[in-house]
Amino acid sequence: MSHLIGELSPPVRLLCGTGPTNPDPRVLRAMGAPVLGQFDPAFTAIMTDVMELGRQVFRTVNPRTFAISGTGRAGMEAGIASLVEPGDRVLVANCGRFGDLFVDLATRYGGIVSQVTAEWGKVIDPQQIDAALQRTRPKIVAVVHGETSTGMLQPMLDEIGRTCRRHEALLVVDAVVTLGGMPVDTDAWQIDLGSAGTQKCIGCPSGMAPITYGARAEEVITSRKTPIISNYLDLAQLQRYWSPERLNHHTLPTSMTYGLHEALRLIVNEGLEARWTRHQRTGDALKAGLEAMGIQLFGDPKHRLPMITAMMLPEGVPDEEGRARLLEEFGVEVATSFGPLRGRIWRIGTMGYNAELRTVLTVLTALEHVLRSFYARVPRGAGVDEARRVYERAAS
Ligand SMILES: Cc1ncc(COP(=O)(O)O)c(C=O)c1O
């Protein structure tokens, strides 16, 4: 007997986890536009626009700026798969789950990996990278710009970039959580290959990974002694697809490409500086509101990301049940954490379309009620008042 399945009707949520974030409605509208064939000139013109808009957002003149079909880690994997040959030395700056991911990727593609590490909640000192470069002479240095797992921002990428050049190593940067929400200065910081994801500050659903790389990385990719192990993530082929040559590779996901086009267009139209300021103000207001509620923030205060706020869970509040209550009663999603932090911190994302005061006020209100329902000592109204004050003060 056939069984009728009802029409899809997902609930509307306020997505304040670590991504996806709620896309701007204009992005979702663009994704509903008619599907085109991948070699239709109307579509290849859209691809060309995505490349140009991507250059503006990555702040680069790299001709090789396009998007990988796949989520954020597909961008990281494309970079590592295409640059690392078996036996190459790779140095990873690792202080969280996405540093671990770089270690895993570089190992899988045959790299000999060494690491400089810091405990979760701290960042890497660039001098440690300099010392490790002298010791291990790697071909590639991989750094996570925003470590979403801990809410930490790796500072001094410009200095790390200079150090890598001095030692003739390539600098590969994961900008998945930072691109579109704060400066990622690809050319000025001498990043050889940077990649991102669409579902965070870019403000699109997940499904593509913007990527950019310069001449030094391209030279390494195209003059390898061994073939790139992955076909799907082979940048040597993909760069010919994303070029006037349009060499057939995979079938580009049309609707995602439209979404990315619209999301990047919105960023460029808003203006990068204005967008960064909006993310900073929102993150500052959220942090101030949480502290006014007596909630401790996690990690080194000097290096907190604007778009991800990591808060310590008050005594007695159960992680899963607490988040379930936020979701069911208020429609608000926040994220738990991984590894040593699981059950101890919640991570709140204020990214893209959601980087606004209204998001902060809603999240703080929902948190106040839910935390109090578990008997946490949280004062009424203090978080919202303080967040509003800090947000407004930043405007004056
Ligand atoms: C810093 C960072 N790198 C990589 C990833 C992986 O991206 P995705 O989940 O889109 O594959 C994430 C996702 O949370 C991230 O925050």
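Residues numbered from 1 in each chain as written. Predicted model: local features only at pLDDT ≥ 70, side-chain atom pairs only at ≥ 80, totals over all residues. Heavy atoms only, no water.

Visitor: Where do I start with the overall build of the protein chain in this structure?
Guide: Looking only at helices and strands, one finds 13 helices and 13 strands in the protein chain. Reported as C-alpha extents along the three principal axes, the dimensions of the protein chain are approximately 65 × 60 × 55 Å. Counting only residues that meet the buried cut, the protein chain has 60% of its 396 residues in that class. Pairs at least 24 residues apart make up 71% of the contacts formed inside the protein chain by residues separated by at least 6 positions. Accessible surface, the protein chain: about 16,600 Å² in total, of which carbon and sulfur atoms supply 52%. One way to put it: in the protein chain the 42 positive side-chain charges average out to a point 2 Å from where the 43 negative ones average out. (Helix = DSSP H or I, 4+ residues; strand = E, 2+ residues; numbered from the N terminus. Buried < 20%, exposed > 50% of the residue type's maximum accessible area, 1.4 Å probe, protein only. Contact = heavy atoms within 4.5 Å. Areas by Shrake-Rupley, 256 points an atom, 1.4 Å probe, with all protein chains shown as cover. Lys, Arg positive; Asp, Glu negative; His and termini not counted. Charge placed at Lys NZ, Arg CZ, Asp CG, Glu CD.)

Visitor: Help me out: how do you make sense of empty space enclosed by the protein in this one?
Guide: The rolling of a water-molecule-sized probe over the atoms marks out the regions of remaining empty space. Tallied over the full model, the rule gives one cavity of 30 Å³ or more. Counted as a void, the largest cavity has a volume near 30 Å³. Around the largest cavity sit T150, G151, M152, K287, F298, R304, I308, T309 and A310, which together line it. When the residues that make up the lining of the largest cavity are grouped by side-chain class, the tally is four nonpolar, three polar and two charged. (1 Å grid on protein atoms, 1.4 Å probe; cavity = no way out; pocket = protein on both sides within 12 Å on 5 of 7 lines; lining within 4 Å. Points joined across faces, edges and corners; volume = space filled by probe spheres on them. Nonpolar A, V, L, I, M, F, W, Y, C, P; charged D, E, K, R; others polar.)

Visitor: Would you explain the nonpolar core in this entry?
Guide: Across soluble globular proteins, you tend to see nonpolar side chains buried next to one another. In terms of nonpolar packing, the biggest core is built from 65 residues, with F66, I68, L83, L235 and W242 touching the most fellow members. When residues of this core are assigned to their parent elements, the largest contribution, eight residues, is made by helix α2 (residues 41-58). L83 has contacts with D88, K139, I140, L170, V172, L193, A217, V220, I221 and R224, leaving out every residue within four places of it along the chain. (Core = buried A, V, L, I, M, F, W, Y, C linked by side-chain atoms within 4.5 Å.)

Visitor: Please explain the side chain of E85 as it appears in this structure.
Guide: Relative to the elements of secondary structure, E85 occurs in the loop between α3 (72-83) and β3 (89-94). The charged side chain of E85 is buried without a salt bridge, its nearest counter-charge being R224 at 4.5 Å. Polar side-chain contacts of E85 include one of 2.6 Å to the side chain of T226. Among all residues touching E85, those that are not within four sequence positions of it are Y109, G110, K139, R224, K225 and T226. (Salt bridge = Lys/Arg side-chain N within 4 Å of Asp/Glu carboxyl O. Polar contact = N/O pair within 3.5 Å; in protein donor to acceptor, adjacent residues only side chain to side chain.)

Visitor: How do you make sense of the pairing of strand β8 (residues 170-174) when you look at a structure like this?
Guide: In summary, the side chains of a regular strand alternate between the two faces of the sheet. The buried fraction of β8 amounts to five of the five residues, a majority that puts the element mostly inside the structure. Every second residue of β8 is oriented toward a common face, with L170, V172 and D174 on one face and L171 and V173 on the other, all of them buried. For strand β5 (residues 140-144) and β8, the ladder comprises five bridges, and the chain directions are parallel. Within the sheet, the bridge partner assigned to V144 lies in β8 and is D174. Bridge count for β8 against strand β9 (residues 193-195) is three bridges, and the pairing is parallel. (Pairing = 2+ DSSP bridges.)

Visitor: Looking at this structure, how should I read the environment of Q127?
Guide: Structurally, the position occupied by Q127 is in helix α5 (residues 126-136). In the structure, Q127 is positioned 46 residues away from V173 in sequence and 17 Å away in space, judged by C-alpha atoms.

Visitor: Got a minute to help me understand the UniProt feature "domain: Aminotransferase class V" (unreviewed entry) in the protein chain in this structure?
Guide: Per the UniProt record, "domain: Aminotransferase class V" (unreviewed entry) is annotated on residues 42-336. As a span, residues 42-336 carries 43% helix and 16% strand, and end to end its C-alpha atoms are 42 Å apart. (UniProt positions renumbered as here; feature names shortened; annotations may be inferred.)

Visitor: Can you walk me through the pattern of salt bridges in this structure?
Guide: A side chain with one charge may pair with a side chain of the opposite charge, provided their charged atoms come close. Applying the stated criterion across every chain, the model contains 21 salt bridges. Note that D185 and R59 form a salt bridge whose closest N and O atoms lie 3.0 Å from each other. Of this pair, D185 sits in the loop between β8 and β9 while R59 is found in the loop between α2 and β2 (64-69), placing the two residues 126 residues apart along the sequence. With a closest N to O distance of 3.9 Å, E356 and R278 form a salt bridge. With E356 in the loop between β13 (345-349) and α12 (357-373) and R278 in helix α10 (residues 272-292), the pair connects residues that are 78 residues apart, well separated along the chain. Overall, R278 belongs to the buried group, its relative accessible area being 13%. Look at the salt bridges and you will find they share partners, linking E270, R275, R278 and E356 into a network.

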